[in-house]
Amino acid sequence: MNDLRHAFDQAAEDVKRLDYRPDNDTLLKLYALYKQGSEGDARGEQPGFFDFVGTAKLEAWMQLRGLPQDEAMHRYVALVEQLRA
């Protein structure tokens, strides 16, 4: 798990250095996988009615409910590697 955590943390740094900005769907997927991998299932309050970005982020994260954290980390690392290729 320690190697996975290191790869996950490295991917989180690598994604900040991409040469381009991924599309919004990919950004939501990155956000959701990162949150699921780092915190587990979504929890907390629903964003305000006019917070469209916050709502989209929470909904993307909630779609991953039940996905084990280590699997989310694997998927996040793989997606970042794909974006870097």
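Quantities reported herein were computed from a predicted structural model and do not represent experimental measurements. (Residues numbered from 1 in each chain as written. Predicted model: local features only at pLDDT ≥ 70, side-chain atom pairs only at ≥ 80, totals over all residues. Heavy atoms only, no water.)

### With respect to the nonpolar core
And step 1. With 21 residues, the main nonpolar core has Leu30, Leu33 and Tyr76 as its most contacted residues.
And step 2. For this core, the elements supplying multiple residues, two or more each, are α1 (2-14), α2 (24-39), α3 (52-62) and α4 (69-84). (Core = buried A, V, L, I, M, F, W, Y, C linked by side-chain atoms within 4.5 Å. Buried < 20%, exposed > 50% of the residue type's maximum accessible area, 1.4 Å probe, protein only. Helix = DSSP H or I, 4+ residues; strand = E, 2+ residues; numbered from the N terminus.)

### Examining the side chain of Lys35
And step 1. The topology assignment puts Lys35 in helix α2.
And step 2. In this structure, Lys35 is in contact with Gly40 and Trp61, ignoring residues within four places of it in sequence. (Contact = heavy atoms within 4.5 Å.)

### Considerations on the UniProt feature "domain: ACB" (unreviewed entry) in the protein chain
And step 1. Here, the residues flagged by UniProt with the feature "domain: ACB" (unreviewed entry) are residues 4-85.
And step 2. Helix makes up 66% of residues 4-85 and strand 0%, whereas the separation of the span's terminal C-alpha atoms amounts to 20 Å. (UniProt positions renumbered as here; feature names shortened; annotations may be inferred.)

### Describing the packing of α2 against α3
And step 1. At a minimum axis distance of 8 Å, the contact between α2 and α3 shows a crossing angle of 60°. Regarding the angle of α2 to α3, the classification is oblique. Judged by the sense of rotation from one axis to the other, the crossing of α2 with α3 is right-handed. Contact residues: Leu28, Tyr31, Ala32, Lys35, Gln36 and Glu39 in α2; Ala56, Lys57, Ala60 and Trp61 in α3. (Axes fitted to C-alpha atoms, helices over the stretch in contact; angles between N-to-C directions. Parallel < 35°, antiparallel > 145°, perpendicular 65-115°, else oblique. Left-handed = near helix turned anticlockwise from the far one by under 90°.)

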